[in-house]
Amino acid sequence: MKNFGYSIIKQRTIDYDQFDGRLLNEVLEMEPSFKVCLSCGGCTATCSAGDLVSFNVRRMNLLLRRGETIELESEIQKCMLCGKCMLVCPRGINLRNVIMLIKKSIAKYKPINS
Amino acid sequence: METTPFILPFTIGLLFISCFLVIIIGIWISSLSRIDKSRIIHSILTKKSWFAIREIVMESLLHRKIFRKNPVLGYMHMSLAFGWFLLIVVGHIEACNHYQTFSVPAYMAIFMRYFVTEPSTTLSGKILSASMDLLLLFVLSGVVLAYYKRANSRLFGMKKTTQLKLGDRIALISLWLIFPLRFLAESVSAGIHHNGSIISHPTGELLASIFPVHSFEMPLWWAYSGALGLFFFALPVSRYMHIPVEVVLIFLRNYGIKVQKRIGGYSRIQVYSCSRCGICLDSCQMSHAAIKDTQSVYILKHIRNKNLTDEKLFNCLLCGRCQPDCPVGLELNNLRITQRIESTKEYNSSYEYLKNGKIAVSPQTEVIYFAGCMTHLTPAIIKSVKEIFAVAGVKYWFMDEEKTACCGRPLMQVGQYEAAKKLIEHNRMQILSSGVKKIVVSCPICYKVFNEDYALPGIRVMHHSEYLLELMADKRLPINKLPLRVVYHDPCELGRGSSIYHQPRLLLDEYVELIPIKNEKKTALCCGGSLANIKIQMNERNQIRDTALDEYLAYQPDLLATACPLCKKTFTKSNKLPIHDIAEIVYMAILNKMDIEINISTQIEKANADKNLRF
């Protein structure tokens, strides 16, 4: 890699050559409405779980799209599935199904060394 | 006693099905929980057994519930079930009477007209053979209707009829053949021996005068016996398993056994008791959104065939509309939830971030008010409840005003009971530690779970429609009838889910003019917004909602009333009709009474204008 004189925090590096999109692809295939998310953050603003603990639905979306499966797995456990996010979503995304799909499939795609 | 080779298909089939049923029902009953087994032992010699027998006669034989749905459909089922039952019983009596003994083998009663070649001479014999002829005619009339139903189900009050699989087809065809073949075989034998009774005799003589009946006799009896044997062999893989299993189900249900939160013997008995009549298809609103393969009848079929997918299992609103219509009385919602628990049992969260803490509230507090997640998305309801409480002088603690966990019901609806327990325990501790003896809930979803799963001894759980009615009865609320024609939409979780039908209506009757509608109470429509369905797409929800709204619009109401924030939220998006929660209507009426310069009609216009701005 060319040295531009900047340092990189190793933990925050996302190496797209190592990108694991299997979970993302499965979720998008099973719940295509998730493709139209515009990251407005309405879901995060209304979230009941987000009131009680640091939990961010939009960040979950980001983790999924970056293939950060390990972080995603601990994040997703916080959701209470109350459905408020789905009702405020301007794109009508079926977010509860997205959460359940991730919960069900994540074990399959977790890196072994985790 | 005589015998002949053609009894073999029937006898082998009967032996097979008897052994099969004894084994499989034995396995199911032995896998019941210990409590359920002791229920059976303690109830078997009580009048519960008598009630079960009465129910079997009324439902399994006479099909009273199907008669109520449609008389022609009821007659078809009754003639086949009750007629066949009587054919077996009277046939056996006839054989016993003829041979003057009580120990006649089963085949003798079935094939008696082949073995007995001389006409019956005694009066009892004549009466019995005449009644056998009439009974066969009765069953045949049902078979003719069944042929016709396959071609035109509308005559039977059913818009749709179920799709069949191979085992069903074999059993159906053999069932359709059994009785015509029996009729032909008996008539031909009557034609040869010049005996028979009121119908078989003239038919036999007619056939004998046209055809060489001697060469037809054996093939017809073989075919009849073969059709019976085929039916018995196809029974375990067909929907007709419901005939024997339903009898077991009715006994167990009368003994107080219910579907548990796990798959077990009783849930299997329920699944096998489904006759796939398809009556649930018509009441299911999913078809309004062109979803035609996730109805209860298909889910039960997939459970039986072990090929149920999540896409189908979770594509149901759990509105419960199919349940009152089911002629077998199956617990369709609970069966589906049991499957959902099984499907998601490994994915329950532990919610370790919930901090249990005791709550101290003022000792004057009369009630706890729990709005619920959905109500927080419809702030007008919260505002109205708060204002009404202020008018009535209710001292309350607003439990979820800022930060509270969800009630747990949305998790339970998708099968996550273990996860929901954590939320329930968290909220329950808060409610119990507050020491308040009454909790008022605005959301029927929360109401149901507080009532059924929270274990709150000495604490009364009330939906706000019940509580407002109580306040009104105590004369703590002013009454003012508004000149508005209102249709009330029963929320699924409050109506069918919790049997609260009357309180909202009594309350509305005092404040507005309530219009009775066709689909209300038990048959009320679902708004389409249910959280129980995690697979349905927004446009499909909208189609269900619009079909329901169109039905309400036909009554030309001024506004639509409901008692559920989720129903309100769902309907509001359509913009076809002003929609308000009961609390909002009561608040509007009180405001009007208090001579505050707010005209209801302008408020409705304003609400509409607001909506137009938003969409």
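Just so it is clear, the structure is predicted and the values come from calculations on it, not from any experiment.

The rules behind the values
One numbering rule holds for all chains: residues counted from 1, following each sequence as written. All chains are assigned letters beginning at A, and all ligands numbers beginning at 1, according to the order in which they are written. Per-residue local features are limited, in this predicted model, to residues with pLDDT of at least 70; the limit for side-chain atom pairs, both in listing and counting, is 80 or more; totals at the level of whole chains, interfaces and linings are taken over all residues. Derived side-chain values reflect all non-hydrogen atoms in the structure, with water molecules and hydrogen atoms excluded from consideration. Here a residue-residue contact requires only that any non-hydrogen atoms of the pair lie within 4.5 Å. Summed over both partners, buried area is the accessible surface (1.4 Å probe) that two parts give up on being assembled. Salt bridge criterion: a side-chain nitrogen from Lys or Arg within 4 Å of a carboxyl oxygen from Asp or Glu. Throughout this description, a polar contact denotes any pair of N or O atoms lying within 3.5 Å of each other; where both atoms belong to protein, one of them has to be capable of donating a hydrogen while the other can accept it, and for residues adjacent in sequence the pair is counted only when both atoms sit in side chains. Elements are defined by DSSP. Helices are runs of H or I of four residues or more, strands are runs of E of two residues or more, and each kind is numbered from the N terminus. Each residue gets one of three labels, nonpolar for Ala, Val, Leu, Ile, Met, Phe, Trp, Tyr, Cys and Pro, charged for Asp, Glu, Lys and Arg, and polar for the others, Gly among them. By this rule the span expected of a helix is its residue count minus one, scaled by 1.5 Å. Each residue's exposure class comes from its accessible area (1.4 Å probe, protein chains only) as a fraction of the maximum for that residue type: buried when under 20%, exposed when over 50%, partly exposed otherwise. For our purposes a nonpolar core is just a set of buried Ala, Val, Leu, Ile, Met, Phe, Trp, Tyr and Cys residues, chained together by side-chain atoms within 4.5 Å. Using a 1 Å grid laid over the protein atoms alone, points where a 1.4 Å probe fits but cannot get out form a cavity; open sets with protein on both sides within 12 Å along at least 5 of 7 lines form a pocket; any residue with an atom within 4 Å of a point counts as lining. Grid points are joined across faces, edges and corners, and a volume is the space filled by probe spheres set on the points. When DSSP locates at least two bridges between a pair of strands, those strands are taken to pair. A fitted line through C-alpha atoms serves as each axis, taken over the contacting stretch for helices, and the angle formed by two N-to-C directions is quoted from 0 to 180°. Working definition: a disulfide is two cysteine sulfur atoms within 2.5 Å of each other. What counts as a ring pair is set by centres within 6.5 Å for rings of Phe, Tyr and Trp (its six-membered ring), and what kind of pair is set by the plane angle: stacked under 30 degrees, edge-to-face over 60, tilted for all other angles. Over a ring means this: the NZ of a Lys or the CZ of an Arg is within 6 Å of the ring centre and within 35 degrees of the ring normal. Directions pointing from the helix axis toward each C-beta atom define the arc.

> How would you summarise the interface of chain B and chain A if you had to cite specific residues and measurements?
Every contact between the two is made by 36 residues of chain B and, on the other side, 28 residues of chain A. Approximately 2700 Å² of surface area, both sides summed, lies buried where chain B meets chain A, with 59% of it carried by carbon and sulfur atoms. A per-residue breakdown of the area chain B buries against chain A is headed by B:Tyr347, B:Tyr353 and B:Ile534, which together make up 23% of the total. For the pair chain B and chain A, the interface holds one salt bridge. With a shortest N-O distance of 2.5 Å, A:Lys104 and B:Asp310 are connected by a salt bridge. Inspection of the region where chain B meets chain A yields 14 residue pairs in polar contact (both at pLDDT 80 or more). Elements with a minimum of two residues in the side of chain B that touches chain A: α16 (310–313), α18 (332–344), α20 (409–413), α25 (538–553) and α26 (565–572) of chain B. Grouping the constituent residues of the side of chain B that touches chain A by class yields 19 nonpolar, nine polar and eight charged.

> Before we move on, could you go through helix α1 (residues 7–30) of chain B and cite the residues and values that matter?
Residues and elements named next belong to chain B. Compared with an ideal rise of 1.5 Å per residue, which puts 24 residues at 34 Å, α1 spans 34 Å between its outermost C-alpha atoms and is within 8% of the ideal. What α1 keeps buried is the set Ile-7, Phe-10, Gly-13, Ile-17, Leu-21, Ile-24, Ile-25 and Trp-28. The secondary structure elements touched by the buried residues of α1 are α6 (106–110), α7 (112–115), α11 (213–234), α12 (242–254) and α13 (265–273).

> A description of the pattern of salt bridges should follow, citing residues and the corresponding values.
Residues and elements named next belong to chain B. The full count for this structure, using the stated rule, is 31 salt bridges over all chains. The partner of Arg-476 in a salt bridge is Glu-366, and the shortest N-O contact between them spans 3.1 Å. Here Glu-366 lies in the loop between α18 and β1 (367–370) and Arg-476 lies in the loop between α23 (464–473) and β5 (485–489), a separation of 110 residues in the sequence. Residue class for Arg-476 comes out partly exposed when judged on its relative accessible area of 26%. A salt bridge links Lys-421 to Glu-418; its shortest N-O distance comes to 3.2 Å. Of this pair, Lys-421 and Glu-418 both sit in helix α21 (residues 417–434), three residues apart, roughly one helical turn.

> Tell me about the nonpolar core, and please be specific about residues and values.
A:Ile102, B:Ile431, B:Ile439, B:Phe450, B:Phe571 and B:Val586 are the most contacted members of the largest nonpolar core, which has 134 residues in total. If you tally residues by element for this core, the top one is helix α27 (residues 582–593) of chain B, at nine residues. Contacts of B:Val586, omitting those with residues within four sequence positions, involve B:Ile388, B:Leu468, B:Leu477, B:Leu507 and B:Tyr511. By size, the runner-up hydrophobic cluster in this structure holds 92 residues, among which are B:Cys274, B:Cys280, B:Tyr298 and B:Leu335.

> Before we move on, can you summarise empty space enclosed by the protein with the specific residues and values?
Residues and elements named next belong to chain A. Applying the stated criterion across every chain, the model contains eleven cavities of 30 Å³ or more. Estimates place the volume of the largest cavity at around 160 Å³. Lining the largest cavity are 18 residues, with Cys-37, Cys-43, Cys-89, Ile-93 and Leu-95 sitting closest to its centre. When contributions to the lining of the largest cavity are tallied by element, the ones reaching two or more residues are α2 (42–46) and α4 (57–66).

> Any chance you could break down the sheet that holds strand β2 (residues 396–398) of chain B for me, citing the residues and the numbers?
Residues and elements named next belong to chain B. Across the sheet, which stays open at both edges, the four strands sit in the order β2-β1-β3-β4 with parallel pairing between neighbours. The open sheet has two edge strands with one neighbour each: β2 and β4 (460–463). With direction set aside, neighbouring strand axes in the sheet form an average angle of 25 degrees.

> Summarise the side chain of B:Arg409; cite the residues concerned and give the values.
Along the chain, B:Arg409 falls in helix α20. Ignoring anything within four residues of it in the chain, the contact list for B:Arg409 reads B:Ile445, B:Lys448, B:Val449 and B:Glu493.

> Outline the side chain of B:Asn254, supporting the account with residue identities and numerical values.
All names here are of chain B. Examined against the element boundaries, Asn-254 turns out to sit in helix α12. Within the structure, the side chain of Asn-254 is placed 3.0 Å from the side chain of Glu-55, a separation counted as a polar contact. Dropping the residues within four chain positions of it, Asn-254 is found in contact with Lys-48, Phe-51, Ala-52 and Glu-55.

> Which residues make up the environment of B:Ser197, and what are the values?
Residue and element names in this part refer to chain B. Checked against the element boundaries, Ser-197 lands in the loop between α9 (166–193) and α10 (200–210). Judged by relative accessible area, which is 10%, Ser-197 ranks as buried. It is 70 Å that separates the C-alpha atoms of Ser-197 and Pro-457, two residues lying 260 residues apart in sequence. If sequence neighbours within four positions are ignored, Ser-197 has contacts with Lys-126, Ser-129, Ala-130, Asp-133 and Pro-202.

> Which residues make up the state of the cysteines, and what are the values?
Residues and elements named next belong to chain B. Counted according to the given criterion, the structure contains zero disulfides over all chains. No disulfide involves Cys-316; its nearest neighbouring cysteine sulfur is the one of Cys-322, lying 6.5 Å away. The class of Cys-316 is buried, set by a relative accessible area of 11%. Unpaired in terms of disulfides, Cys-564 finds its nearest cysteine sulfur in Cys-567, a separation of 3.7 Å. Residue class for Cys-564 comes out buried when judged on its relative accessible area of 5%.

> Describe the pairing of strand β7 (residues 559–562) of chain B, naming the residues involved and giving the relevant values.
All names here are of chain B. The side-chain alternation of β7 yields two buried faces, one formed by Leu-559 and Ala-561 and the other by Leu-560 and Thr-562. Where β5 meets β7, four bridges bridge the pair, whose relative direction is parallel. By the bridge assignment for β7, Val-487 is matched with Leu-560. When β7 meets strand β8 (residues 579–581), the two strands line up parallel, connected through three bridges.

> Any chance you could break down the sheet that holds β8(B) for me, citing the residues and the numbers?
Across the sheet, which stays open at both edges, the four strands sit in the order β6-β5-β7-β8 (chain B) with parallel pairing between neighbours. Edge positions in the sheet fall to β6 (513–514) and β8 of chain B, since each of these pairs with one other strand and no more.

> Tell me about the packing of aromatic side chains, and name the residues and values.
The full count for this structure, using the stated rule, is 30 aromatic pairs over all chains. Seen in terms of ring centroids, B:Phe6 and B:Trp221 are 5.7 Å apart; in terms of plane orientation they differ by 15 degrees. Their pairing is stacked. With a gap of 215 residues between them, B:Phe6 in the segment before α1 and B:Trp221 in helix α11 connect regions that are remote in the sequence. Owing to a relative accessible area of 0%, B:Trp221 belongs among the buried residues under this scheme. The ring centre of A:Phe34 lies 5.1 Å from the NZ or CZ of A:Arg65, which sits over that ring.

> Give a description of α10(B) that names residues and reports values.
Residues and elements named next belong to chain B. For α10, the set of buried residues is Ser-200, Gly-204 and Leu-207. For α10, the arc enclosing every buried residue in end-on projection is 65 degrees, short of the 170-degree limit, so these residues lie on one face. Structural note: α10 exposes Leu-206, Ser-209 and Ile-210 on the side pointing more than 90 degrees away from its buried face. Buried-residue contacts for α10 involve α7, α8 (123–151), α9 and α11.

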